[in-house]
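As a plain string of letters, each chain reads:
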Number of protein chains: 2
Amino acid sequence: MKAHLITIGDEILIGQIIDSNSAYIAKKLNEIGLEVEEILSIPDDKDFIRNTLHYSLNKADVVITTGGLGPTKDDVTKNALCEFLETELVVDEMILAELEDRYQKLNRPMNDLNRAQALVPKGSIALKNPLGTAPGLLTETNGKLLFNLQGVPFEMKNLINTEVIPRLQQKFDFPFVVHRFLSVSDYPESDLAIALSDWEGNLPADFHFAYLPERSKVKLRISVKGNNKSELDKRIQLEVDKLIPIIGSRLDSTTNDLVQQILGEKLKELGMSIATAESCTGGAIAQMLTNVPGSSNYFMGSVVSYATEAKENVLNVSNELIEKYTVVSKEVALAMARGVRELLKTQIAVSTTGVAGPAKGEDGKEVGTVWIAVTDGKNTMAKMYFFPYLEREDFIQQVSKLALQNALQFLNQFH
Amino acid sequence: MKAHLITIGDEILIGQIIDSNSAYIAKKLNEIGLEVEEILSIPDDKDFIRNTLHYSLNKADVVITTGGLGPTKDDVTKNALCEFLETELVVDEMILAELEDRYQKLNRPMNDLNRAQALVPKGSIALKNPLGTAPGLLTETNGKLLFNLQGVPFEMKNLINTEVIPRLQQKFDFPFVVHRFLSVSDYPESDLAIALSDWEGNLPADFHFAYLPERSKVKLRISVKGNNKSELDKRIQLEVDKLIPIIGSRLDSTTNDLVQQILGEKLKELGMSIATAESCTGGAIAQMLTNVPGSSNYFMGSVVSYATEAKENVLNVSNELIEKYTVVSKEVALAMARGVRELLKTQIAVSTTGVAGPAKGEDGKEVGTVWIAVTDGKNTMAKMYFFPYLEREDFIQQVSKLALQNALQFLNQFH
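Rules used throughout
Residues numbered from 1 in each chain as written. Chains lettered and ligands numbered in written order. Predicted model: local features only at pLDDT ≥ 70, side-chain atom pairs only at ≥ 80, totals over all residues. Heavy atoms only, no water. Helix = DSSP H or I, 4+ residues; strand = E, 2+ residues; numbered from the N terminus. Buried < 20%, exposed > 50% of the residue type's maximum accessible area, 1.4 Å probe, protein only. Contact = heavy atoms within 4.5 Å. Areas by Shrake-Rupley, 256 points an atom, 1.4 Å probe, with all protein chains shown as cover. Lys, Arg positive; Asp, Glu negative; His and termini not counted. Charge placed at Lys NZ, Arg CZ, Asp CG, Glu CD. Axes fitted to C-alpha atoms, helices over the stretch in contact; angles between N-to-C directions. Parallel < 35°, antiparallel > 145°, perpendicular 65-115°, else oblique. Left-handed = near helix turned anticlockwise from the far one by under 90°. Nonpolar A, V, L, I, M, F, W, Y, C, P; charged D, E, K, R; others polar. Least-squares fit on C-alpha atoms with pLDDT ≥ 70 in both. Buried area = accessible area lost by both parts, 1.4 Å probe. Salt bridge = Lys/Arg side-chain N within 4 Å of Asp/Glu carboxyl O. Polar contact = N/O pair within 3.5 Å; in protein donor to acceptor, adjacent residues only side chain to side chain. Pairing = 2+ DSSP bridges. Domains from an automatic or database assignment. 1 Å grid on protein atoms, 1.4 Å probe; cavity = no way out; pocket = protein on both sides within 12 Å on 5 of 7 lines; lining within 4 Å. Points joined across faces, edges and corners; volume = space filled by probe spheres on them. Expected span 1.5 Å × (residues − 1). Phe/Tyr/Trp six-rings, centres within 6.5 Å; stacked < 30°, edge-to-face > 60°.

## What to know about the overall build of chain A
Helices and strands together make up the secondary structure of chain A, namely 16 helices and 17 strands. Taking the principal axes of the C-alpha coordinates as reference, chain A spans close to 75 × 60 × 40 Å. Put simply, chain A has 415 residues, and 59% of those count as buried. Sequence-distant contacts in chain A: of pairs separated by 6 or more residues, those separated by 24 or more amount to 67%. When the accessible surface of chain A is totalled, it reaches about 17000 Å², and 48% of it is carbon and sulfur. Across chain A, the centroid of the 43 positively charged side chains sits 4 Å from that of the 55 negatively charged ones.

Below you can see the structure in the form of structure tokens.
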């Protein structure tokens, strides 16, 4: 069984927004064993939508569209759907009653466009969307399921979890898809591929193996599909066990966890707390740590000392040190880490100071230069990196990831 | 003229990563007047790639693929391309010489997989990729251009800017595509659509108008295409001028700038500086501010007081206040804003304190509750919001945006 995802909306085709909806849906479907074979992004155009529905419902068993369900003229998904199904829009009385009730409670008049939200193609089922005014739609055609969902992410996510996944699981019997992820550092992809080639050559025929290179890292993915979950888990573990000694010490992790999750687990295990002092990363490290549920157990806080005065006044970095070594230096990075550790009374602290660009640093430091430091009050670690070709936001993300990786390495080395 | 983008890689189809490459490329092509008609994400599968190349090169004049150019077995784009072009891989001697030179300088042995990176389909042009080992590819077929680029974002971005855009502009004469964006707050989309319906009905036939609803906001987009840029600018301005009085005071902005950019401009205009004190947003507001180039001119820094002790020790929020009103309260939000303003010596400060979930707050506060406060030392503004249904990361993003919107509203009201 295969699924197709179709995102409808010119805003994606002109690059106004990033299509994060598809990744969310793909992940959720994958978790229940339904594979996504193709994702298509197409314009708000009736003919285009109709043709794409033909294409996708011909190739896939489940098709999910997002977008184009709003009340305005540029939203044409419902009309395209009627043309495709050769049917017409009819009022769903239950949806209309609910809408009227909601507007009454809000004490807002209901206009024709609001009322039109209760129109659904004859034969389609309206899926309740308590977070918006338009319902989602479900249509069964030739034994295949077509879902039409909202483009607004929080409405779409709610419908996926409350309507789409339960209905799919009720109707179909999916196999299990098991993935295992390994993360390898400082191992050039081609050298790694040669080291793993015998192992890869001996993989069972139903296994799938893939490399995803990132900067200074390679993620490996082993996948297998079947009906017996515990057997799949056992078989995949067998292969992972063979793989681990071949990769050796450059293996970072045997999960798909992000570095902030791995670091968080390690801190909890050690019963330690962390703080960050951020200059060029501007809060991005703190944000990564905060995104992990339960991080309040070990993450005490951060000082984003974007201005030099903040480094002096809050983090207690002396003016003399800055004058002597410049803001982007090993000495200042270490002083920042020490400063925030004392201020927030944590066991360890990590700091960044660098030039994100596009303009050079005040002291003439080249764009892309950064120092990262870690301290536990006794031991210290400080490293310099240089990423002259990264765009500003990418630089910030890259340095933030590295800061967390260094903190993890520091804990592995000293604790 | 139309372009198609094809992203190749199972990692997108299983939701392992979000396809941010397509949005980057779409935006860059749009800026030079080349419209993207369709974006397709497909598996690392030779037949699938070949079929999709047929489809896209049949419909579009320019096709750009990303992904599948690596040295490992799961990367099959080059082989699929050879099958599609009915040709074979040959060594590009110049690329090979450069690779050999690079490996020699790195003092690293070159293996067969590294050497294979210099193989290109006969008749294709290798595009120099100084940030990676595999070159990009350009193939001209039936007067159409096919680019094959890397999936790794920083390599792809560099190739787009140094190779793809210049070559496209050299070969073709593109029309101009002009977009104007307006952002409207607290105006239900359907009410807005009714208010604008006469204006929309009278738009010139070659104009395109679209609504993009977000939470408590609607983005409007007016687009027009043509050969005379200044005439297009004039015509679009004429329509915007008519639109502004119809929308009235709920118009936030007449650009596509993010709220952090608009706030930054406003602060520069007023010669004022800002600091943030963040609890539940955990540094996300600071990060949004920092992402704007030049933000060091007005953004002094942030205290991420994730733990209650950090609120007391660093921000000087009294323990009595917290005991009396609880951490998630108007009083504590205001005290945090005052505290960070004094600490970082800025004109204004904004703060957040709330429960991002998934677990309730220590004081039993419901997940999704948040207070946002702004102060300039004299005037204050504090608001409570409740987003019980947002997932943790979405909650953090939403609250951060609102914090910046409130800071902007505060400046508009008091300065």
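## A word on the packing of helix H3 (residues 46-59) of chain B against helix H4 (residues 77-85) of chain B
Residues and elements named next belong to chain B. Closest axis-to-axis distance for the H3/H4 pair is 9 Å, and the angle between their directions is 55°. One finds that H3 runs oblique with respect to H4. Judged by the twist between their axes, the crossing of H3 over H4 is right-handed. Mapping the contact onto sequence places Lys 46, Ile 49, Arg 50, Leu 53, His 54 and Leu 57 in H3 and Thr 77, Asn 79, Ala 80, Leu 81, Glu 83 and Phe 84 in H4. For the contact of H3 with H4, the residue count by class is 6 nonpolar, 3 polar and 3 charged.

## Digging into the relation of the copies chain B and chain A
Both copies of the chain are related by a screw-like operation: a rotation about an axis and a shift along it. Expressed as a screw transformation, the operator carrying chain B onto chain A has a rotation angle of 180° and an axial translation of 0.0 Å, and the superposed copies differ by an RMSD of 0.0 Å. What we have between these two chains is a two-fold relation. In this assembly the copies share their binding face: 100% of the residues contributing to the interface of chain B also contribute to that of chain A.

## A word on the interface of chain B and chain A
The partner chain A presents 100 residues to the 99 residues of chain B that form the contact. Taken over both partners, the interface formed by chain B and chain A buries close to 7700 Å², and the fraction arising from carbon and sulfur atoms is 58%. Summed over the shared surface of chain B and chain A, the number is 4 salt bridges. A salt bridge links A:Asp10 to B:Arg221, with the shortest nitrogen-to-oxygen separation between them at 3.9 Å. In this structure, the connection of chain B to chain A is made through 30 residue pairs in polar contact (both at pLDDT 80 or more). Counting residues per element, the side of chain B that touches chain A draws most heavily on strand S2 (residues 35-42) of chain B, at 7 residues. Taken together, the residues of the side of chain B that touches chain A sort by class into 47 nonpolar, 28 polar and 24 charged. The pairing of strand S2 (residues 35-42) of chain A with S2(B) spans 3 bridges and is classified as antiparallel. Within S2(B), the residue paired with A:Ile39 across the bridge is B:Ser41.

## Here we look at the sheet that holds strand S10 (residues 208-214) of chain B
All names here are of chain B. An order of S10-S11-S9-S12 is seen for the 4 strands of this open sheet, with the pairing classed as antiparallel. Taken across any chain shown, the strands that pair with only one partner, and hence form the sheet edges, are S10 and strand S12 (251-253). The average undirected angle you get between the axes of adjacent strands in this sheet is 30°. Along the sheet, helix H10 (residues 229-247) makes contact with strand S9 (176-185), strand S11 (217-226) and S12, crossing S9 at roughly 15°.

## Digging into the domain arrangement of chain A
The assigned domain composition of chain A is domain 1 (2-171), domain 2 (176-253) and domain 3 (259-414). The C-alpha centroid of domain 3 of chain A is placed 44 Å from the C-alpha centroid of domain 1 of chain A.

## Description of empty space enclosed by the protein
A water-sized probe rolled over the atoms picks out the places where empty space is left. Per the counting criterion, the structure on display carries 2 cavities of 30 Å³ or more. Taken as a whole, the largest cavity encloses approximately 130 Å³ of empty space. What lines the largest cavity is a set of 16 residues, among which A:Asp19, A:Ser22, A:Ser41, B:Asp19 and B:Ser41 lie closest to the centre. The set of elements that each furnish at least two residues to the lining of the largest cavity consists of helix H2 (21-31) and S2 of chain A together with helix H2 (21-31) and S2 of chain B.

## Observations concerning helix H15 (residues 330-344) of chain A
Residue and element names in this part refer to chain A. End to end, H15 covers 21 Å across 15 residues, agreeing with the expected 21 Å (1.5 Å per residue, within 8%). Along H15, the positions that sit buried rather than exposed are Val 332, Ala 333, Leu 334, Ala 335, Met 336, Ala 337, Gly 339, Val 340 and Leu 344. Two residues or fewer past H15, Lys 345 is found with a positive phi of approximately 55°.

## Concerning the packing of aromatic side chains
In this description, an aromatic ring pair is defined by two values, namely the gap between the centres and the angle between the planes. Overall, the coordinates contain 17 aromatic pairs over all chains when judged by the stated rule. Summarising the aromatic geometry, the rings of A:Phe154 and B:Tyr389 are spaced 5.6 Å apart at their centres and angled 15° between planes, so their arrangement reads as stacked. Taken together, the residues span two chains, with A:Phe154 in helix H7 (residues 153-171) and B:Tyr389 in the loop between strand S17 (380-386) and helix H16 (392-414). Using a relative accessible area of 36% as the deciding quantity, one classes B:Tyr389 as partly exposed. For the ring pair A:Tyr385 and A:Phe387, a centre distance of 6.0 Å and an interplane angle of 15° mean the geometry is stacked.

## Points about the pairing of strand S7 (residues 136-141) of chain A
Residues and elements named next belong to chain A. The buried count for S7 comes to 5 of 6 residues, which makes it a mostly enclosed element. Summarising the sheet, strand S6 (residues 125-127) and S7 pair through 3 bridges and their orientation is antiparallel. The residue of S7 that forms the bridge with Leu 127 is Gly 136. For S7 and strand S8 (residues 144-149), the ladder comprises 5 bridges, and the chain directions are antiparallel. Bridging from a neighbouring strand, Leu 137 pairs with Asn 148 of S8.

## Section: the pattern of salt bridges
One pass over the full model with this rule turns up 34 salt bridges over all chains. Between B:Arg50 and B:Glu83 there is a salt bridge, and its shortest N-O distance comes to 2.5 Å. Here B:Arg50 is found in helix H3, whereas its partner B:Glu83 is found in helix H4, with 33 residues between them in sequence. Relative accessible area serves as the criterion here: at 22%, B:Arg50 is assigned to the partly exposed category. Given the relative accessible area of 32%, B:Glu83 is considered partly exposed. Across the salt bridge formed by B:Glu98 and B:Lys128, the nearest N and O atoms sit 3.2 Å from each other. With B:Glu98 in helix H5 (residues 93-106) and B:Lys128 in the loop between strand S6 (125-127) and strand S7 (136-141), this residue pair connects regions lying 30 residues apart in the sequence. Owing to a relative accessible area of 29%, B:Glu98 belongs among the partly exposed residues under this scheme. Note on B:Lys128: relative accessible area 44%, which makes it partly exposed. Several salt bridges converge on common partners, so that one network encompasses A:Lys46, A:Asp47, A:Arg50 and A:Glu83.

## Quick look at the packing of H2(A) against H7(A)
Residue and element names in this part refer to chain A. Where H2 meets H7, the closest approach of the two axes is 11 Å, and the angle between their N-to-C directions is 20°. The orientation of H2 relative to H7 falls into the category roughly parallel. Viewed along their axes, H2 and H7 form a crossing whose handedness is right-handed. Contact with H2, carried on its side by Asn 21, Tyr 24, Ile 25, Lys 28 and Leu 29, involves Pro 153, Met 156, Lys 157, Ile 160, Asn 161, Ile 165 and Leu 168 of H7 and no other residues of that element.

## Quick look at the sheet that holds strand S8 (residues 144-149) of chain B
Pairing in this open sheet of 12 strands is mixed, and the strands run S6(A)-S7(A)-S8(A)-S3(A)-S1(A)-S2(A)-S2(B)-S1(B)-S3(B)-S8(B)-S7(B)-S6(B) from one edge to the other. Since the sheet does not close on itself, it has two edges, and those belong to S6 of chain A together with S6 of chain B, each with one partner. Here the strands of the sheet are splayed against their neighbours by 20° on average, with no regard to which way each runs. Judged from the 5 bridges that link them, strand S1 (residues 2-8) of chain B and strand S3 (residues 62-66) of chain B form a sheet pairing that is parallel. Directly across from B:Leu5, in S3(B), lies its bridge partner B:Ile64. Against the sheet, H7(A) contacts strand S3 (62-66), S6, S7 and S8 of chain A, and its axis sits at roughly 170° relative to S8(A). Of the strands in this sheet, S3, S6, S7 and S8 of chain B are in contact with helix H7 (residues 153-171) of chain B, which crosses S8(B) at around 170°.

## So, the side chain of B:Gln117
All names here are of chain B. Tracing the sequence through the fold places Gln 117 in the loop between helix H6 (112-116) and strand S5 (119-121). Within the local environment of Gln 117, its side chain forms a polar contact with the side chain of Thr 133, the two groups lying 3.1 Å apart. Once residues lying within four places of it in the same chain are set aside, the contact partners of Gln 117 are Leu 69, Gly 70, Pro 71, Lys 78, Leu 99, Thr 133, Ala 134 and Pro 135.

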